[in-house]
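Architecture and fold: a report
Read off the chains here:
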Amino acid sequence: FAWHLSAWILVAISIERLISVYLPHKSKIICSKNRGAVAIVIMTLMIFMVNIHYFWTYTRIVTKSTGRPSGCRKRKRYKYFITWVWPWLEFSFATLLPFIAILACNVAIICRVLQSKFNRKQNYSGTTSTDSRLSSMTLTLLTVSLIFLLTNSPKAIYYIYREYHKTKKRETKTDIVNRQLWWTILINIMYTNNAINFILYCFTGTRFRKELRKTFW
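Just so it is clear, the model here is predicted, and its values are computed rather than measured. (Residues numbered from 1 in each chain as written. Predicted model: local features only at pLDDT ≥ 70, side-chain atom pairs only at ≥ 80, totals over all residues. Heavy atoms only, no water.)

1. Things to note about empty space enclosed by the protein
Per the counting criterion, the structure on display carries one cavity of 30 Å³ or more. Looking at the largest cavity, its volume works out to about 40 Å³. The wall of the largest cavity is formed by Leu10, Ile13, Ser14, Arg17, Ile102, Asn106, Val144 and Tyr201. A class-by-class count of the residues in the lining of the largest cavity yields five nonpolar, two polar and one charged. (1 Å grid on protein atoms, 1.4 Å probe; cavity = no way out; pocket = protein on both sides within 12 Å on 5 of 7 lines; lining within 4 Å. Points joined across faces, edges and corners; volume = space filled by probe spheres on them. Nonpolar A, V, L, I, M, F, W, Y, C, P; charged D, E, K, R; others polar.)

What follows is the structure in C-alpha cells.
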C-alpha cells in the first residue's frame with residue numbers, strides 16, 4: 001500500500017511541476033493546499049480500493065500446537081488471480097504507469113525549458129544564470145525519473161517471475177531460502193528510491209542546495 005502511494009505522490013508532484021512551468025501565473029491557484037490535500041485523499045482511497053482484495057484472497061495460517069496465527073497464505077479459489085493476474089496489475093499500477101506519467105511530465109517540462117532557452121539565445125548571446133538553473137532542473141528531473149525506474153522495476157519483475165516459477169516445479173528448502181533472500185534484496189532496493197531522493201536533489205539541484213543552506217545557515 002505505502003509503496004503504491006509513494007509512487008503516485010511522485011506523479012502528483014510531477015504534475016504540479018508541469019503546471020508551474022506551463023501556467024506559472026495560475027499555478028498557485030490550481031495547486032493550492034486544499035486541492036493538494038484532496039488529491040492525496042483521493043489517491044489514498046484509490047490505492048486502498050486496489051489493494052482491498054487482500055482481505056479475502058488471503059487467509060491466516062494457524063499453528064495447531066499453539067492455536068495462534070503464524071502467517072498468511074493464498075485462498076485456493078483465488079490462486080489464479082494472485083499468481084497470474086495480480087502481479088501484472090501491480091507492476092502496471094505501481095511501476096509502469098507512474099513511470100510513464102513521471103517521464104511524460106518531465107519530458108514536457110524539459111521541452112518547455114529548452115524552448116525558453118532557445119528563445120533567449122535569439123536575443124542574447126552567452127550563458128545566463130537562468131540557463132544554469134534550467135540545466136540543473138533538467139538534470140534533476142531526468143535523474144529522479146531514471147532512479148525511480150531502476151529501483152522499482154526489479155522488485156515488480158521478480159514478483160512476476162517468482163509466482164510463475166513457483167507453479168512450474170516443487171520448491172526445495174534451498175529454493176525457498178534463495179527466493180526469500182532475493183526478495184529481501186529487491187525490497188530494500190525499492191525502498192532506496194524513497195531514501196535517495198533527498199541525496200539526488202542535493203547533488204543535481206543547484207537551487208535545492210542553496211535553499212538547504214539557507215535553512216541551516
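2. Quick word on the layout of surface pockets
Each pocket or cavity is described by its volume, and for the second largest pocket that value is around 300 Å³. Forming the boundary of the second largest pocket are 14 residues, of which Ala12, Ile13, Glu16, Gly36 and Ala39 lie nearest the centre. Taken together, the elements giving at least two residues each to the lining of the second largest pocket come down to helix H1 (2-22) and helix H3 (33-51). Top element by residues in the lining of the second largest pocket is H1. It accounts for six residues. (Helix = DSSP H or I, 4+ residues; strand = E, 2+ residues; numbered from the N terminus.)

Read these as spatial facts, not as claims about activity.
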